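# Breakdown of the fold
Listed below are the residues making up each chain.
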Amino acid sequence: MEITSNAFREKASQALQDADLQDALQNLKRGFQEKRAKTLAHLPEYEALREEAVAVKDHVLRHLDFYLNHFEEKVRANGGHVHWCETAADARATILRLCQQAGAKTVVKGKSMIAEEIAINDHLAAHGIAPVETDLGEYIIQLRKEPPSHIIAPAIHLKRDQIAGTFRRQHQDLPDDRALDTPRRLVDEARHILRERFLGADAALTGANFLIAETGSAVLVSNEGNIDLSRGLTGLHIVLASLEKVVPSLNDAFLFLRLLSRAATGQEAATYTSFFTGPSRPGEVDGPGAFHVVLLDNGRSKLLGGEFAAILRCIRCGACLNHCPVYGVTGGHAYGAVYTGPMGAVLTPLLEGLDRAGPLPEASTFCGRCEEVCPMGIPLVGLLRKLRVRRRAEGRVSPLARAGLGVWAFLARRPFLYHVAARALVAVLFLFRRRGRVPAAPFAGGWGRSLPLASARTFQAEWRRRQGEDA
Ligand code: SF4
């Protein structure tokens, strides 16, 4: 997808005015936050699992070459093939070649953020191969020609009636008067359409949640069964995965799986957890005759051993998005990139460059909820802070923001002046008040939100008062 992250501020402002989006984003709390909290309440060993997973992942990242080579050996021994791709262009060319060699005209796809990262759909379509998304959320946004807005719930920005409208516009062979007023009816219609696409497909392209070095397997979780159908009904299975997805052993894969589903959707386990190990064996009635793994680097190996290496621990559970107060009101499209929310605000500038995604590290309140809920213990706030420092060092911060920070730093080192300035600011905001709120704060007009009126007493004044009461 085209990166438009430099327009984050404008897009965030538009998102805040979008009543349908604000309604749809309420599902983050009900759909993810509450379920995650509930399921983790029944997992007393969560912290121990998290520590173990971090240790395993850091070990893998230190020995990535060893585990990837081991994985390749096993895939080959199982009758499959591995293709090492340094760039997105390499991966696109490899996948296209594999599809063309197989004579594929239709490719059914499982949800894959890496496929979004390399924009494979446009590339296949430009060469006469039809990509068909089979994950329900991905299918909906493919019909709407939109990018995903969330790494595990690509259509979370949409309400039911918007999806019904899309189906009516796109599924024109179906009766106009059919009812599409419940989730069940929407799912049934998508299933009806997709079933035909599965049966007519020539190849399957999926991502992978993990690659197991010990067995040469790709592990995928889903809740819809579309991935198994894709693989089972076509002659060619291509797995597209970034290189940090490798884990040493089957046991390690189960460790990560225990964390992934709980952190992502609050499930103890996803409905389907599939292990794909090579092509189908002689005598098996379904499964592909050819199995290929396309391993993508695309800038990740440059992060190894550096100050941002911890972001490579990410298992794409989406928990940091679900708990982020910024993502919770802007949604994913404002980020203008494949990866959104706190993990995207770190990863996108690292992969694309601060010149293309400079504003994203600013899209955080630094409240710390993201790293608190991250099952891989990624210090997201610290990484975002480092990116802000780098951005400032590269001269990418506006003169006004630099001046503002300079004034703040000057005052912060002089407590007396700081207190005087804080009182003066409260007085100024008071002048702008309307019904107990500040509708247009000075220097903050672009955000389009009113602010609660600051307390008439500063924190220090309140602190002194309470100390006096206690004395
Ligand atoms: S950064 Fe952590 S919480 Fe966010 S998607 Fe990755 S693993 Fe999940």
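Calculation notes
- Residues numbered from 1 in each chain as written.
- Predicted model: local features only at pLDDT ≥ 70, side-chain atom pairs only at ≥ 80, totals over all residues.
- Heavy atoms only, no water.
- Pairing = 2+ DSSP bridges.
- Helix = DSSP H or I, 4+ residues; strand = E, 2+ residues; numbered from the N terminus.
- Contact = heavy atoms within 4.5 Å.
- Axes fitted to C-alpha atoms, helices over the stretch in contact; angles between N-to-C directions.
- Parallel < 35°, antiparallel > 145°, perpendicular 65-115°, else oblique.
- Nonpolar A, V, L, I, M, F, W, Y, C, P; charged D, E, K, R; others polar.
- Expected span 1.5 Å × (residues − 1).
- Buried < 20%, exposed > 50% of the residue type's maximum accessible area, 1.4 Å probe, protein only.
- Patch = residues over 30% accessible without salt bridge, like charges linked within 9 Å, V, L, I, M, F, W, Y side chains within 5 Å.
- Areas by Shrake-Rupley, 256 points an atom, 1.4 Å probe, with all protein chains shown as cover.
- Salt bridge = Lys/Arg side-chain N within 4 Å of Asp/Glu carboxyl O.
- Core = buried A, V, L, I, M, F, W, Y, C linked by side-chain atoms within 4.5 Å.

### Regarding the sheet that holds strand β8 (residues 246–247)
Here 4 strands make up an open sheet; going across it, the order is β8-β5-β6-β9 and the pairing mixed. Only two strands of the sheet have a single neighbouring strand rather than two, namely β8 and β9 (272–276). Both strand β5 (residues 210–212) and β8 contribute to a ladder of 2 bridges, which runs parallel. Within the sheet, the bridge partner assigned to L211 lies in β8 and is V246. Here helix α12 (residues 226–233) sits on the sheet and contacts β6 (217–222) and β9; the angle it forms with β9, its principal contact strand, is near 30°. Its contacts with the sheet put helix α13 (residues 250–265) on β5, β6, β8 and β9, and the angle it makes with β5 is roughly 165°.

### A look at the packing of helix α20 (residues 399–412) against helix α21 (residues 415–431)
Geometrically, a packed helix pair is captured by the angle between its two axes and the distance between the axes. Relative to each other, α20 and α21 sit at 125°, their axes nearing to 7 Å. Compared by their axis directions, α20 and α21 come out oblique. For the pair α20 and α21, the contacting residues are W408, F410, L411 and A412 in the first and P415, L417, Y418 and A421 in the second. For the contact of α20 with α21, the residue count by class is 8 nonpolar, no polar and no charged.

### Things to note about helix α16 (residues 341–352)
Here α16 is 12 residues long and its end C-alpha atoms lie 16 Å apart, about the 16 Å a rise of 1.5 Å per residue gives. The element α16 is extensively covered by neighbouring structure, given that 11 of its 12 residues are classed as buried. Buried within α16 are the following residues: G341, P342, M343, G344, A345, V346, L347, T348, P349, L350 and L351. Trailing α16 by a residue or two, G353 shows a phi angle of about 100°, which is positive.

### A look at a nonpolar patch on the surface
Taken together, the side chains of F410, F416, L417 and V420 present a nonpolar region at the surface, about 390 Å² in accessible area. It is α21 that contributes the most residues to the nonpolar patch, 3 residues altogether. Relative accessible area serves as the criterion here: at 65%, F416 is assigned to the exposed category.

### Here we look at the sheet that holds strand β10 (residues 290–296)
Read across the open sheet, the 6 strands follow the order β1-β10-β7-β4-β2-β3; overall the sheet is parallel. In this open sheet, the two strands that pair with only one neighbour each are β1 (81–85) and β3 (130–133). Averaged over all pairs of adjacent strands, the angle between strand axes in this sheet comes to 25°, irrespective of strand direction. Relative to strand β4 (residues 203–206), strand β2 (residues 106–109) runs parallel, the two sharing 3 bridges. Bridging across to β4, V108 finds its partner in A204. Packing of α12 onto the sheet brings it into contact with β2, β4, β7 (236–242) and β10, and relative to β4 it is tilted by some 145°.

### Quick notes on the environment of A241
The topology assignment puts A241 in strand β7. Each C-alpha atom, one on A241 and one on L296, is 6.0 Å from the other, the two residues being 55 residues apart in sequence. Once you skip the residues sitting within four places of it in the chain, A241 turns out to touch A208, L211, V294, L295 and L296.

### Observations regarding the nonpolar core
Ranked by internal contacts, the top residues of the largest apolar core, which has 112 residues, are I95, L240, V246, I311, Y339, M343 and I378. Counting residues per element, this core draws most heavily on α13, which supplies 8 residues. Membership of the second largest hydrophobic core comes to 20 residues, among which are Y139, I140, A155 and L194.

All we've got here are geometric facts, nothing functional implied.
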